[in-house]
Amino acid sequence: AHDYGYSASQIGMLWLYMGAVAVVVQGWLVGRLARRLPESALVLIGTLALVVGFVWIPYAGAVVRLLGALGLVIAGQGLASPSLSSLISKTSAAHAHGEALGIAQSLSAGARFVGPSAGGILLDRASVRSVFMAAAGCAALALAATTFATRAGTESAPDVIRMRRSG
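Residues numbered from 1 in each chain as written. Predicted model: local features only at pLDDT ≥ 70, side-chain atom pairs only at ≥ 80, totals over all residues. Heavy atoms only, no water.

Participant: So what exactly am I meant to see when it comes to the overall build of the protein here?
Facilitator: For the protein, the helix and strand inventory stands at six helices and zero strands. Within the protein, counting contacts between residues at least 6 apart in sequence, those at least 24 apart form 70% of the total. Roughly 10700 Å² of accessible area belongs to the protein as shown, and the carbon and sulfur atoms make up 69% of that amount. (Helix = DSSP H or I, 4+ residues; strand = E, 2+ residues; numbered from the N terminus. Contact = heavy atoms within 4.5 Å. Areas by Shrake-Rupley, 256 points an atom, 1.4 Å probe, with all protein chains shown as cover.)

Participant: Any chance you could explain the pattern of salt bridges here in plain terms?
Facilitator: For side chains of opposite charge, pairing can occur when their charged atoms come near one another. Taken as a whole, this structure holds one salt bridge when the rule is applied. For Lys90, the salt bridge goes to Glu39, with nearest N and O atoms at 2.5 Å. Taken together, the residues Lys90 in helix H3 (residues 63-91) and Glu39 in helix H2 (residues 39-56) connect sequence positions 51 residues apart. Look at Lys90 and you get partly exposed, because its relative accessible area is 45%. Owing to a relative accessible area of 17%, Glu39 belongs among the buried residues under this scheme. (Salt bridge = Lys/Arg side-chain N within 4 Å of Asp/Glu carboxyl O. Buried < 20%, exposed > 50% of the residue type's maximum accessible area, 1.4 Å probe, protein only.)

Participant: Even after reading the chapter, I still don't get the packing of H3 against helix H4 (residues 97-125), so can you show me in this structure?
Facilitator: How two helices pack is summed up by the angle between their axes together with the distance between the axes. Put simply, H3 and H4 touch, their axes get as near as 9 Å, and they point 150° apart. In terms of their interaxial angle, H3 and H4 are classed as roughly antiparallel. Considering the relative orientation of H3 and H4, their crossing is right-handed. Of the residues in H4, those touching H3 at Ser85, Ile88 and Ser89 are His97, Ala100, Leu101, Ala104 and Gln105. (Axes fitted to C-alpha atoms, helices over the stretch in contact; angles between N-to-C directions. Parallel < 35°, antiparallel > 145°, perpendicular 65-115°, else oblique. Left-handed = near helix turned anticlockwise from the far one by under 90°.)

Participant: Would you mind showing me how to read the side chain of Thr47 here?
Facilitator: If you trace the backbone, Thr47 turns up in helix H2. Take Thr47: its relative accessible area is 5%, and that puts it in the buried class. Apart from the residues lying within four places of it in its own chain, the contact partners of Thr47 are Ala80, Ala139, Ala142 and Leu143.

Participant: What is the right way to look at the nonpolar core in this model?
Facilitator: Note that soluble globular proteins tend to have their nonpolar side chains buried in a common cluster. Counting 20 residues, the largest nonpolar core has Val25, Phe54, Ile57, Leu66 and Leu70 as the members making the most contacts within it. Among the elements of the structure, helix H1 (8-34), H2, H3 and helix H5 (128-155) are those that each provide at least two residues to this core. Here Ile57 is in contact with Leu66, Ala69, Leu70, Val73 and Phe132, once residues within four sequence places are set aside. (Core = buried A, V, L, I, M, F, W, Y, C linked by side-chain atoms within 4.5 Å.)

Shown next, in the form of structure tokens:
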């Protein structure tokens, strides 16, 4: 029921493609974009790419469109994840960097456990499409939370700056 007709070698080539996209995004693109855009913008762009990519995957059909959808997901993750870590370290108090990054990594590890587990259950009980729509829904929630946090952070930025200067 879940067979799209790809052979093991074709699936391997998809993984190779995704790895190459990740290397280009994280090894080259993130650094260039980080010099031009704030981390919050990179997190938003990356998360939006995740939403669009996850929605697109089950409707991709042809391999070229599937590569585009997978490229968006991998690029989105590659933009959002390191930018989010940087943003956390810059916005947490100096004495709490380790704690803040540790909590973020713990939540990330939990998501890497819960996501595939829930996706497997959903795949067994519903459809392939529902798995990607659920992933898109989770990414959309992350996008909404990031948008809210970015707006709240912008409004309170003078307070943060004042606290850093006085402390």
